[in-house]
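Structural characterization, general
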Amino acid sequence: MPIVLRCHRGLGPAVEGTALVADDNFSARYDLDRKTGVFSRPAHKLFGESYVDKILVLKTAKGGVASAWMLREMQQLKITPLALVFNTVNPILAQGAAFGDLTMVDRFVDGDITTLIKTGDKVRIEPDEGVLTILDE
Amino acid sequence: MRLTEEEEAMRAGAFGPVRRWAIEHQIAVGQFFDAEDLVPVGQAHIMADTEATGPSGVAFLEEMAKKPEAERRVRIPTITDPRGVDFDAYRRLKQTDDMASLEERLIMAFEALGVLMTNTCINYQTILPPVRGEHLAFGDTGVVIYSNSVLGARTNFEGGPSALSAGLTGRTPRYAYHLEQNRVGTRHFALEHQPASLSDWGALGGIVGRATNSYWEVPVVSNCVRAPNSDELKHFGAALASFGSVALFHMPGVTPEAPTLSDAFHGGPIPSAEAITQSDFETFYEGYAARGDKVDVVVFSAPQLSLLELEQVASHLDGKRVHRDTTLLAVTSPEIKFAADRMGLTARIEASGALLLSGVCFYQSYAREMAEANGWKRLMSNSAKLVNIIGGYGYKPTLASMEACVASAVAGRVL
């Protein structure tokens, strides 16, 4: 049976895709090689993994103001995650998602989202309704 | 969100499509964070180096710059963070003409919007320091945390598009650190070891940042036995923001919203203190240690150096020569570069073979491409913020005091 998780109203269009999950944080400037589409900071738990077209599920967004520009650039080059899902997000990522029209949700009522979703899960996000659904295989 | 008549008109397009875009962006962000309205702001500060904007961001700004002057010009003083290319030095650093020409296009677009190209992340030391209670829309996390914490101003992290929107509308969504109730301390750290050097202050920011690790937490650091100076708090704040995404801290007896420890927590219960010991500092440095390794590049940047820091760099370098296989870069703002030229500091620094860059910041300057073009791997810096960031660009970073960084640059290896 699909599992429905509720969150704060989000940003961007409704999407459906495959989750890539880690108990770690996110910064477009610090963590990513945006040309090849992989996590490039050696200390990151997704180091070496491709984030392209994945629904990225991480704890929070960190650091750099630059991410606000970078999400739109990533969207336009199509070397981009399909959506970003966090427990909490800092303003930069929210601003970047708004600017780049990238799907993003946070503030889940059911607890730590990085423990509720597993890598490989099929997920649907409806940001306007504040709903994330883990679909059946 | 509650909008004024003027804001409704802006949203309806009465002031043209540029301002309509700006206010719609602000409303989307404001709704995401449950802002009730927009608050007028006195200045905007835009982070927009071309490595971050990419060609698509530059094209976006150029489209805006084509609109009629009355529609496109910013309404409040709007200034810029460091850019990516120092036109006097980029060839020496093996940056490309393509990077420089993208940078030129960006500057022309910004100037058409009425933006002042200050190219600095130390505007609070060099342009117009914020005042307690003043609402602002500042980009650059180091600028935000300093303005909020040390000066008592009110700003969130505003990414480039949001800061530009604030310049165009003269407002920003009122959420997070614009609201008094969110400025209360939430974590308590007590110093059992006092930082000495600038790199120690950065390390302290890194230690507290790693422990805090959220935009929505406000760390309070107590038991600071002397008032730190502006450069020390600059390194502390920049590292705290970089490691922890933190936008506000209090230091009882030092920062304006915390005359006492109790004030830092708005008179509420004071959480028990998490001690920060000498061994925390040692462990922090050890995480970046590389004794004996060849040093490819030594960088004093992130944040840009004040005039007093440049004087210290010059004094350490006097009579010395940087090793021929090592590059030493010091980076400052255009205003401070002029002052350094006039006072002979630039000549003293560059007599050693080092290079003083202006209006850029190392990690905002195509750091990955510079590493590849110059064969740089091992980087040394006294900036904890820089060593935190630069690993993501393929460097192996080492944190040390300014003195140790200079000595290592002369020796060509990590001492």
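Note that the coordinates shown come from a computational prediction; the quantities given were computed from them, not determined experimentally. (Residues numbered from 1 in each chain as written. Chains lettered and ligands numbered in written order. Predicted model: local features only at pLDDT ≥ 70, side-chain atom pairs only at ≥ 80, totals over all residues. Heavy atoms only, no water.)

1. Here's the deal with the side chain of Glu7 of chain B
Looking at the secondary structure, you find Glu7 of chain B in helix α1 (residues 5–12). Setting aside anything within four residues of it in sequence, one finds Glu7 of chain B in contact with Arg2, Ile23, Leu38 and Arg171 of chain B. (Helix = DSSP H or I, 4+ residues; strand = E, 2+ residues; numbered from the N terminus. Contact = heavy atoms within 4.5 Å.)

2. Remarks on unusual backbone geometry
All names here are of chain B. Here Ala302 and Pro303 are connected by a cis peptide whose omega angle stands at -5 degrees. Structurally, Pro303 can be placed in strand β9 (residues 297–305). Positive phi, close to 70 degrees, is recorded for Asp140, a residue that is not glycine. Under the relative-accessibility criterion, Asp140 is labelled buried at 5%. In this structure, His266 takes a positive phi of about 55 degrees despite not being glycine. Take His266: it is sitting in the loop between α11 (261–264) and β8 (274–276). (Buried < 20%, exposed > 50% of the residue type's maximum accessible area, 1.4 Å probe, protein only.)

3. Description of the pattern of salt bridges
A full pass over the atoms with the stated rule returns 36 salt bridges over all chains. Lys59 of chain A is the salt-bridge partner of Asp112 of chain A, the closest N and O atoms lying 3.2 Å from each other. Of this pair, Asp112 of chain A sits in the loop between β7 (103–105) and α4 (113–116) while Lys59 of chain A is found in strand β5 (residues 55–60), placing the two residues 53 residues apart along the sequence. Since its relative accessible area comes to 27%, Lys59 of chain A is described here as partly exposed. The salt bridge involving Arg91 of chain B is made with Asp97 of chain B; its shortest N-O contact spans 3.2 Å. Its relative accessible area of 59% is what places Arg91 of chain B among the exposed residues. Three or more residues joined by partner-sharing salt bridges are found here, namely Asp23, Lys45, Lys59 and Asp112 of chain A. (Salt bridge = Lys/Arg side-chain N within 4 Å of Asp/Glu carboxyl O.)

4. Section: the interface of chain A and chain B
Listed by partner, the interface residues are 38 residues for chain A and 47 residues for chain B. Surface buried jointly by chain A and chain B totals about 3,300 Å² across both partners, of which 58% is contributed by carbon and sulfur atoms. Per-residue buried area on chain A facing chain B is highest for Arg29, Tyr30 and Trp69 of chain A; these three make up 25% of the total on that side. At the junction of chain A with chain B, the criterion picks out 3 salt bridges. One salt bridge in this structure joins Lys35 of chain A and Glu369 of chain B, with 2.8 Å as the shortest N-O distance. Here chain A is connected to chain B by 13 residue pairs in polar contact (both at pLDDT 80 or more). The set of elements that each furnish at least two residues to the side of chain A that touches chain B consists of α1 (28–31), β3 (32–33), α2 (67–77) and α3 (91–100) of chain A. Counted by class, the side of chain A that touches chain B contains 17 nonpolar, 10 polar and 11 charged residues. (Buried area = accessible area lost by both parts, 1.4 Å probe. Polar contact = N/O pair within 3.5 Å; in protein donor to acceptor, adjacent residues only side chain to side chain. Nonpolar A, V, L, I, M, F, W, Y, C, P; charged D, E, K, R; others polar.)

5. Considerations on the domain arrangement of chain B
Residues and elements named next belong to chain B. As far as domains go, chain B holds domain 1 (5–175), domain 2 (184–285) and domain 3 (289–411). Of the residues lining the interface, 17 residues belong to domain 1; the matching set on domain 2 comes to 18 residues. For the pair domain 1 and domain 2, the two sides together bury roughly 1,400 Å², of which 61% comes from carbon and sulfur. Summed over the three residues of domain 1 that lose the most area to domain 2, namely Ile145, Ser149 and Phe157, the buried surface amounts to 36% of that side. Viewed at the interface, domain 2 and domain 1 are joined by 0 salt bridges. Linking domain 1 to domain 2 there are 9 residue pairs in polar contact (both at pLDDT 80 or more). Secondary-structure elements contributing two or more residues to the side of domain 1 that touches domain 2 are α6 (123–126) and α7 (141–149). Within the side of domain 1 that touches domain 2, the residues separate by chemical class into 9 nonpolar, 7 polar and 1 charged. (Domains from an automatic or database assignment.)

6. Here we look at the packing of aromatic side chains
Residues and elements named next belong to chain B. This structure, assessed with the given rule, holds 19 aromatic pairs over all chains. Between Phe157 and Tyr215, the ring centres sit 4.8 Å apart and the planes meet at 70 degrees, which makes this aromatic pair edge-to-face. Here Phe157 is found in the loop between α7 and α8 (160–169), whereas its partner Tyr215 is found in the loop between α9 (198–212) and β7 (219–222), with 58 residues between them in sequence. Accessibility classification places Phe157 together with Tyr215 in one group, the buried group. Ring geometry for Trp201 and Phe236: centres 6.3 Å apart, planes at 80 degrees, overall edge-to-face. Highlighted residues: Trp201 in helix α9 and Phe236 in helix α10 (residues 230–244), separated in sequence by 35 residues. Each residue in the set Phe32, Phe33, Phe157, Tyr175, Tyr177, Tyr215 and Trp216 is aromatic and connected to the rest through ring pairs, giving one cluster. (Phe/Tyr/Trp six-rings, centres within 6.5 Å; stacked < 30°, edge-to-face > 60°.)

7. Describing the sheet that holds β8 of chain B
All names here are of chain B. Spatially, the 3 strands line up as an open sheet ordered β7-β6-β8, and their pairing is parallel. Each of the sheet's edge strands pairs with one partner strand only, and the pair in question is β7 and β8. Put simply, the sheet's adjacent strands are angled 30 degrees from each other on average, direction ignored. With 3 bridges connecting them, strand β6 (residues 187–191) and β8 associate as parallel partners. What sits directly across from Ala190, in β8, is Ala275. Contacting β6, β7 and β8, α9 crosses the sheet at an angle of about 150 degrees to β6. (Pairing = 2+ DSSP bridges. Axes fitted to C-alpha atoms, helices over the stretch in contact; angles between N-to-C directions.)

8. What about empty space enclosed by the protein?
Scanning the model with the defined rule gives 2 cavities of 30 Å³ or more in all. By volume, the largest cavity amounts to about 60 Å³. If you go around the largest cavity, the residues you meet are Arg29, Tyr30, Gly64, Val65 and Ala66 of chain A together with Met47, Asp140, Thr141, Tyr363, Gln364 and Lys385 of chain B. Here the lining of the largest cavity is built from residues that sort into 5 nonpolar, 3 polar and 3 charged. Per-domain counts for the lining of the largest cavity show at least three residues from each of domain 1 (5–175) and domain 3 (289–411) of chain B. Space inside the second largest cavity adds up to approximately 40 Å³. In terms of lining residues, the second largest cavity is bounded by Gly84, Val85, Asp86, Leu93, Gln95, Val331, Leu357, Val360, Cys361, Phe362, Ser365 and Met370 of chain B. Of the residues in the lining of the second largest cavity, the class split is 8 nonpolar, 3 polar and 1 charged. Residue contributions to the lining of the second largest cavity reach at least three from each of two domains, namely domain 1 (5–175) and domain 3 (289–411) of chain B. (1 Å grid on protein atoms, 1.4 Å probe; cavity = no way out; pocket = protein on both sides within 12 Å on 5 of 7 lines; lining within 4 Å. Points joined across faces, edges and corners; volume = space filled by probe spheres on them.)

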